[in-house]
Amino acid sequence: MTTFTPSIVSVLQGHRQTIPPVWFMRQAGRHLPEYRELRATTPDFLSFCLNPEKAAEATLQPVRRYGMDGAILFSDILVIPMALGQDVRFEAGEGPVLGDLPPIERMADLAGSAGEYLANVGETLKILRSELPKEVTLLGFCGGPWTVMTYMLNGRKAHDRSLIRSFVYEQPDLVARVMDVVIEASAQYLKMQAEAGAQVLKIFESWAEGFPDPLFDQLVIGPHQRLIKRVRELGVTLPIIGFPRGAEARCLDYVQAVEVQGMALGTATPLKLGQEIQKLKPIQGALDPVVLRSGGQALDDMVRALKSAWGQGPYIFNLGHGIFPDTPIAHVERALEIIRS
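What you are looking at is a predicted structure, and each value in this text was computed from that prediction instead of being measured.

### A short note on the overall build of the protein
Then, number 1: The secondary structure content of the protein amounts to 17 helices and nine strands.
Then, number 2: Relative to a compact globule of 341 residues, whose C-alpha radius of gyration would be 20 Å, the protein shows 19 Å and is just as compact.
Then, number 3: Considering only C-alpha atoms, the protein reaches an extent of 55 × 50 × 45 Å along its principal axes.
Then, number 4: Each of the 341 residues in the protein was classed as buried or not, and the buried ones make up 59%.
Then, number 5: Considering only residue pairs separated by 6 or more positions, the protein has 73% of its internal contacts joining residues 24 or more positions apart.
Then, number 6: Just so you have it, the protein exposes about 13800 Å², and 51% of that area is on carbon and sulfur atoms.
Then, number 7: Across the protein, the 34 positively charged side chains and the 38 negatively charged ones have centroids separated by 4 Å.

Dropping the structure here:
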């Protein structure tokens, strides 16, 4: 009996598709009117993420509207600090705000049960596996360890990367201990997602840019190696996509050092560099979400350029970062028309 393989999974196994499969980061979200209507039913964002029925519906909406080849779990990277006992809330107009860091020993005790704590996310995945067409790949994810730590250590100032890097220089023992905890919690969380029905896992390292070489090795490459090793120790065999966003200058180093099955590329990735990486691993990305929002001939040209440069090898068409909330639906439809032509 032949087992059906969804197109995205097939690409991550190293197979080229005549028409590259496509999904967009943050495709389930604020640019969709049906999402805004659904989101209004639950004022608290994290409560919305942890409601299996609503999170599943948000995940399904862009698949229904656009026929995407991938469905990315609707959740948030900051569920990990929650599982570790840290207060997390979202404030209107400000974004995430985190409370004081709990004692390291307390977080270490909780790390092994992160998957159990986040069982509602598993329920979301189970709903999705039962409702998604078999040709649509279900993607789970976690935040990269460093990115999650930036929020945990910086509270409401996580976007100030110079401030968070000061922890690395001034409190290296604290950074190392928190990193250990986050890696274990993230591994347990990914294990739970795999058991609940995810077919591909992705590591979103959103704050990977701007590091001197030694820090990139210390805070991105090393922790990703450790996280993936731990996930494999826990018995997970699913393909994993790595995404060190903004670190285009180190992407080749990353893909050579980290045992990912796919490499997600940011908007600043040169086409020739993408081709070099593609010789080593399947790639995903890197359409500029700004041009998707702008539309017109610039969008047409960029979609065609990416498809021409990378479509001869294993390639998943995607954005180089998340879709903007004010992106016109017609522009997404136009991009998909060119990708699929």
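### Let's talk about the pairing of strand S6 (residues 240-244)
Then, number 1: With five of five residues buried, S6 lies mostly within the body of the structure.
Then, number 2: Residues Ile 240, Gly 242 and Pro 244 point to one face of S6 and Ile 241 and Phe 243 to the other, with burial holding for every one of them.
Then, number 3: Relative to S6, strand S5 (residues 200-205) runs parallel, the two being bridged by five bridges. Note that in S6 the partner of Lys 202 across the bridge is Ile 241.
Then, number 4: Considered for its hand, the β-α-β crossover made up of S5, helix H12 (residues 213-233) and S6 is right-handed.
Then, number 5: In the sheet, S6 pairs with strand S7 (residues 262-264) via two bridges, with the strands oriented parallel. In the strand pairing of S7, Gly 242 is matched with Met 263.
Then, number 6: The handedness of the S6 to S7 crossover, carried by helix H13 (residues 251-257), is right-handed.

### Brief notes about the environment of Met 107
Then, number 1: With respect to the element layout, Met 107 can be found in helix H6 (residues 104-111).
Then, number 2: On a C-alpha basis, the gap between Met 107 and Leu 84 in space is 5.0 Å, while along the polypeptide they are 23 residues apart.
Then, number 3: Once you skip the residues sitting within four places of it in the chain, Met 107 turns out to touch Leu 84, Leu 101, Pro 102, Met 152, Val 178 and Val 181.

### Examining the packing of helix H11 (residues 172-196) against H12
Two packed helices can be described by the angle between their axes and the distance between those axes.
Then, number 1: H12 packs onto H11 with a crossing angle of 40 degrees between their chain directions and a minimal axis gap of 9 Å. When the interaxial angle is binned, H11 and H12 end up oblique. For the element pair H11 and H12, the recorded crossing hand is right-handed. Each of Val 175, Met 179, Asp 180, Ile 183, Glu 184, Ser 186, Ala 187, Gln 188 and Leu 190 in H11 lies in contact with H12, whose residues at this interface are Leu 219, Pro 223, Arg 226, Leu 227, Arg 230 and Val 231.
Then, number 2: Residues that form the contact of H11 with H12 fall into these classes: nine nonpolar, two polar and four charged.

### Overview of H11
Then, number 1: Over its 25 residues, H11 runs 36 Å from end to end, which matches the ideal 36 Å to within 8%, given 1.5 Å per residue.
Then, number 2: The positive-phi residue at the C-terminal boundary of H11 is Gly 197, with phi of around 130 degrees.

### With respect to the UniProt feature "domain: Uroporphyrinogen decarboxylase (URO-D)" (unreviewed entry) in the protein
Then, number 1: In this numbering, the UniProt entry assigns the feature "domain: Uroporphyrinogen decarboxylase (URO-D)" (unreviewed entry) to residues 21-30.
Then, number 2: Along residues 21-30, the helical share is 0% and the strand share 0%, with 23 Å between the first and last C-alpha atoms.

### Observations regarding the packing of aromatic side chains
Then, number 1: This structure, assessed with the given rule, holds ten aromatic pairs.
Then, number 2: On the basis of an interplanar angle of 40 degrees and a centroid distance of 5.5 Å, the ring pair of Tyr 35 and Phe 74 is categorised as tilted. Remark: Phe 74 occurs in the loop between strand S1 (70-72) and helix H5 (79-83) and Tyr 35 occurs in helix H2 (residues 33-39); sequence separation between them is 39 residues. In this structure, Tyr 35 and Phe 74 share a single accessibility class: buried.
Then, number 3: Ring centres of Trp 146 and Phe 211 lie 5.6 Å apart, and the angle between their planes is 70 degrees; this geometry places the pair in the edge-to-face category.

### A short note on unusual backbone geometry
Then, number 1: Residue Ala 286 follows Gly 285 across a cis peptide bond; omega there is 0 degrees.
Then, number 2: Locating Ala 286 in the fold gives a position in strand S8 (residues 283-287).
Then, number 3: For Arg 26, which is not glycine, the phi torsion reads 60 degrees and is therefore positive.
Then, number 4: Counting through the fold element by element, Arg 26 comes out in the loop between helix H1 (7-12) and H2.

Thresholds applied
Residues numbered from 1 in each chain as written. Predicted model: local features only at pLDDT ≥ 70, side-chain atom pairs only at ≥ 80, totals over all residues. Heavy atoms only, no water. Helix = DSSP H or I, 4+ residues; strand = E, 2+ residues; numbered from the N terminus. Rg over C-alpha atoms; globule rule 2.2 N^0.38 Å. Buried < 20%, exposed > 50% of the residue type's maximum accessible area, 1.4 Å probe, protein only. Contact = heavy atoms within 4.5 Å. Areas by Shrake-Rupley, 256 points an atom, 1.4 Å probe, with all protein chains shown as cover. Lys, Arg positive; Asp, Glu negative; His and termini not counted. Charge placed at Lys NZ, Arg CZ, Asp CG, Glu CD. Pairing = 2+ DSSP bridges. Right-handed = clockwise from strand over helix to strand, strands pointing away. Axes fitted to C-alpha atoms, helices over the stretch in contact; angles between N-to-C directions. Parallel < 35°, antiparallel > 145°, perpendicular 65-115°, else oblique. Left-handed = near helix turned anticlockwise from the far one by under 90°. Nonpolar A, V, L, I, M, F, W, Y, C, P; charged D, E, K, R; others polar. Expected span 1.5 Å × (residues − 1). UniProt positions renumbered as here; feature names shortened; annotations may be inferred. Phe/Tyr/Trp six-rings, centres within 6.5 Å; stacked < 30°, edge-to-face > 60°.

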